[in-house]
Amino acid sequence: MFYDFKKIEEKWQGYWDKKRLLKASPYSNNKKYYLLEMFPYPSGKIHMGHVRNYTIGDVAARLKMLQGYDVLHPMGFDAFGQPAENAAIKNKTKPDTWTHKCIKDMEVELKKMGFSYDWGRELSTCDSSYYKWNQWIFLKMLERGLAYRKASAVNWCPECSTTLANEEVIDGGCWRCHAKVEQKDLEQWYLKITEYKERLLEDLKLLKNWPGRVLSMQENWIGKSQGVEIYFKLKDSDTVIPVFTTRPDTIFGATYIVLACEHPAAKDFIRGKPHEKEALDFIDKVSKKSKIVRASSDVKKEGIFTGSYALNPVNNEVIPIWIADYVLMEYGTGAIMAVPTHDQRDFIFAKEHGLPMRVVIKPFDRSLDEATMEEAFEGDGLQVNSGKFNGTSNLEAKDSISKWMEAEGFGRIKTNWRLRDWLISRQRYWGSPIPVIYCDKCGAVPVPYQDLPVELPKDAPFTGEGGSPLAKVKKFVEAKCPKCGMKARRETDTMATFFDSSWYFLRFCSPQFKEAPFDRKEVSYWMPVDQYIGGIEHAILHLLYSRFFTKFFKDLKLIDFSEPFNRLLTQGMVLKDGEVMSKSRGNIVDPDSMIKRYGADSLRLFILFAAPPETELEWDDRGLEGAYRFLNRVWRIQENLKEKADDRLVRLMHKTIKKVGDDFNGFKFNTAIASLMEFTNAIYQFGADKEVFSKLVIMLSPIIPHFSEELYRLMGNQESIFKASWPKYDPGMLIEDTVEIVLQVNGKVRSKIEVPAGMSEEKIKELILGEEKLKPWLQGNSLKKIIIVPDKLVNIVV
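These numbers were taken from a predicted model, which means no experiment stands behind them. (Residues numbered from 1 in each chain as written. Predicted model: local features only at pLDDT ≥ 70, side-chain atom pairs only at ≥ 80, totals over all residues. Heavy atoms only, no water.)

### Describing the packing of helix α19 (residues 600–609) against helix α20 (residues 621–635)
Condition: Think of each axis as a best-fit line through the C-alpha atoms, taken over the contacting stretch in the case of a helix, with angles from 0 to 180 degrees between the N-to-C directions. Counting from the N terminus, the helices are DSSP H or I runs at least four residues long and the strands are E runs at least two residues long. What makes a crossing left-handed is the near helix being turned counterclockwise from the far one by less than a right angle; a clockwise turn instead makes it right-handed. In what follows, a contact means two residues having at least one pair of non-hydrogen atoms within 4.5 Å.
Direction vectors running N to C along α19 and α20 enclose 120°, while the axes themselves pass 8 Å from each other. Here α19 and α20 pass one another in a crossing that is right-handed. Two secondary-structure elements touch here, α19 through Asp601, Ser602, Leu603, Leu605 and Phe606 and α20 through Gly623, Leu624, Ala627, Tyr628, Phe630 and Leu631.

### A few points about the sheet that holds strand β27 (residues 579–580)
Sheet strands associate in pairs through backbone hydrogen bonding, adopting either a parallel or an antiparallel arrangement. We apply this condition: We call two strands paired when DSSP finds no fewer than two bridges between them.
The strand order across the open sheet built from three strands is β27-β26-β28, with neighbouring strands paired in mixed fashion. Because the sheet does not close on itself, it has two edges, and the strands there are β27 and β28 (617–618). Relative to β27, strand β26 (residues 574–576) is paired through two bridges, and the arrangement is antiparallel. Among the inter-strand pairings, Lys576 is bridged to a residue of β27, identified as Glu579.

### Examining the packing of aromatic side chains
Short version of the rule: Aromatic rings from Phe, Tyr and Trp, taking only the six-membered ring of Trp, are treated as a pair when their centres fall within 6.5 Å; an angle between ring planes under 30 degrees marks them as stacked, one over 60 as edge-to-face, and anything in between as tilted.
If you walk through the whole model with that rule in mind, you get 48 aromatic pairs. Ring centres of Tyr33 and Tyr69 lie 6.1 Å apart, and the angle between their planes is 65°; on these two criteria the pair is classed as edge-to-face. Of this pair, Tyr33 sits in strand β1 (residues 32–37) while Tyr69 sits in the loop between α2 (48–66) and β2 (70–72), and the two are 36 residues apart along the sequence. Measuring from centroid to centroid gives 3.9 Å for Tyr532 and Phe565, while their planes differ by 15°, and the two rings are stacked.

### Focus on empty space enclosed by the protein
Operational definition: Using a 1 Å grid laid over the protein atoms alone, points where a 1.4 Å probe fits but cannot get out form a cavity; open sets with protein on both sides within 12 Å along at least 5 of 7 lines form a pocket; any residue with an atom within 4 Å of a point counts as lining. Grid points are joined across faces, edges and corners, and a volume is the space filled by probe spheres set on the points. Gly is put with the polar residues, along with every residue not named as nonpolar or charged; the nonpolar set is Ala, Val, Leu, Ile, Met, Phe, Trp, Tyr, Cys and Pro, and the charged set is Asp, Glu, Lys and Arg.
Inspection of the entire model under this criterion finds one cavity of 30 Å³ or more. When its volume is computed, the largest cavity comes out at roughly 50 Å³. Together, Gln82, Cys160, Thr162, Thr163, Leu164, Glu168, Cys174, Trp175, Arg176, Arg426 and Arg428 line the largest cavity. Here the lining of the largest cavity takes three residues from strand β4 (residues 162–164), the largest share from any one element. Here the residues of the lining of the largest cavity sort into four nonpolar, three polar and four charged.

### Quick notes on the sheet that holds strand β24 (residues 529–534)
The four strands are arranged β2-β1-β24-β25 in an open sheet whose pairing can be described as parallel. With one partner strand each, in any of the chains shown, β2 and β25 (565–570) form the two edges of the open sheet. The average angle at which neighbouring strand axes cross in this sheet is 20°, direction not considered. Judged from the five bridges that link them, β24 and β25 form a sheet pairing that is parallel.

### Some remarks on the pattern of salt bridges
Basically, it comes down to this: Here, a salt bridge means any Lys or Arg side-chain nitrogen found within 4 Å of an Asp or Glu carboxyl oxygen. Relative accessibility thresholds used throughout: buried, under 20% of the residue-type maximum; exposed, over 50%; partly exposed, between the two (1.4 Å probe, protein chains only).
As enumerated under the stated definition, the model contains 38 salt bridges in all. Note that Asp96 is salt-bridged to Lys458, the shortest N-O span being 3.6 Å. Of this pair, Asp96 sits in helix α4 (residues 95–112) while Lys458 sits in the loop between β20 (443–446) and α13 (474–477); the two residues are 362 residues apart in sequence, bridging distant segments of the chain. The exposed category is assigned to Lys458, whose relative accessible area is 61%. Here Asp577 makes a salt bridge to Lys576, at a shortest N to O gap of 3.7 Å. Classification of Lys576 as partly exposed rests on a relative accessible area of 23%. Within this structure, Asp203, Arg547, Lys551 and Glu563 form a network of salt bridges that share partners.

Given below as structure tokens:
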């Protein structure tokens, strides 16, 4: 007998929806569990990455329901963004029409998977009821000086016709369309995330249940470094060039200075010099490069001599000043001291351009010769060619040289940070309008709170031509100044979509609340999120911004916690033929087609069994077929239930309950499933009664909910399986009953061993043939036969 998955899955999806069985109900007891997966962009189709992510989360959510928790497991859509505008242009429609159609299509597909979402809490960031509170948050940041406008060179995507934050530039390309990113001067809105840098760094220590890799990525991005700002004077001038270094122990080996092309003094230093035109052309060329590419370690570095010189303050040596692409204004002072013998990047640059080198740290066990060095020595050792610090360990010299330079006025001890303020302006339509009005008399004026939301106009033109469509809507642009009432113009930039996703987890706690971004009482019950699940690609962008917003809300006294997510799991990618699934590679497996062929439960089972959640998963149709066969194997057990189960099966059941529960709690779903398969095999061996079979079905229910619900009801249960309780195991049943077996060789006792009672003859044979104490009598002899008396003795005849 085979189960009819199509009929069963539709039946129970309808039942759960009608009964609102999966609705989050706070305050029913004192145990809450907030499970959240990173919400999707509504592309219109779910892919196998979605299926994996959301199935992992669904198992955890359903397990907690069975364990008696109040579970909040919501779903929504990160609905703003450039792709909707591109789709609107391509399909000759409007972004909101396209987006809402995609949302409806994805809702249908997600519901087919049987995910336990409380759909009553669904939200979409493109709805004005949501982005009204984006604007409210922006105004609160503006009041506190955390939102500000400034002109600067920004990352510009020519394909999307919009700016990008540094974090949105991946390998020199746009994170969305992969077009090569350029530099462009614009006046933009920023959020002062740097105001929170110390707390963002320090509070990483609170995140005990986050992957170490994510913590390291955030720590490196925040980039706190201790060092010295050293004052290099221009030769024959009082002009000072401040240079920040974390390696003051190498100052005596600084043989040239390198400036960023954006350095404010760069053009002054080349003015009137022989290579002025070439240097200006170089600056212009470099300024168009992406800063991410310029800083990349695997790209050849380019530079040009300014024609000017500086003095090394510790020895008054005259050293040349260069401009190079690998130095950025965003870190330090926009100028570096180059020590080619002790920095590999400087070493390569010096070799290419024939620049001088001097060793100032030698290994403890040998000397170095600049002429024969093939790479920089970046290890620890003893100071040489370093004046009064010669012979000192460089680790000690870091501190002593720093203090000496500060005392002599050569520099000052300083802390530097890599983190920069967050650029949120985007020159596009499909995003949250920035609530600011520009008045010739009053300047930039915030939109009053009572006038929120500033809504997107419905009639913006979409032609694919550059510039924001909002700027072309006259009735949107023209406004009155809230201060003086005179004619003014509205801001036409919209917010980066990462603004929307930086606090959505709070809105899910009270998505219909109209008085504030969220209801404090509901947030105090549900937050922080107990388990967050999403891709490692969001380690810096979304996760850092969410932490920033949470700390801001705490400062507003809207919440009383510092971190939004207690536990984080970053799931691996789904591959096919060794590569990530993508349309361009032609290796997409459509979830909907798999559901039609095998059912959602088979797909869920396969995707959990194929690999641990954190690792990559290689798609294999045979694995899905195997999952389907296993379900049918379990289905047939109901036909042959016994009155009473064998004691050996009952003992295994208790072990399985403990093992599966522990594995589920540790997100080791593949090993949990393996244990359930082993238990199923034992049922076929010994036969199960209704109680044992019921326990198996309940343990399977978080993984294959429709299938389990059907079997549970067929056993005569009137309520949903998700109203049941997770099975409890008897600790006494976990203790193995053992027996002592006497080992004989040719009738003479040679050893004794303890084994579990009832061990099969095959297992006993495997065990004794590897027994060390028997080797002297077995080696060199041919084995004739093994005589086994169960649970008593073994006689080996050689």
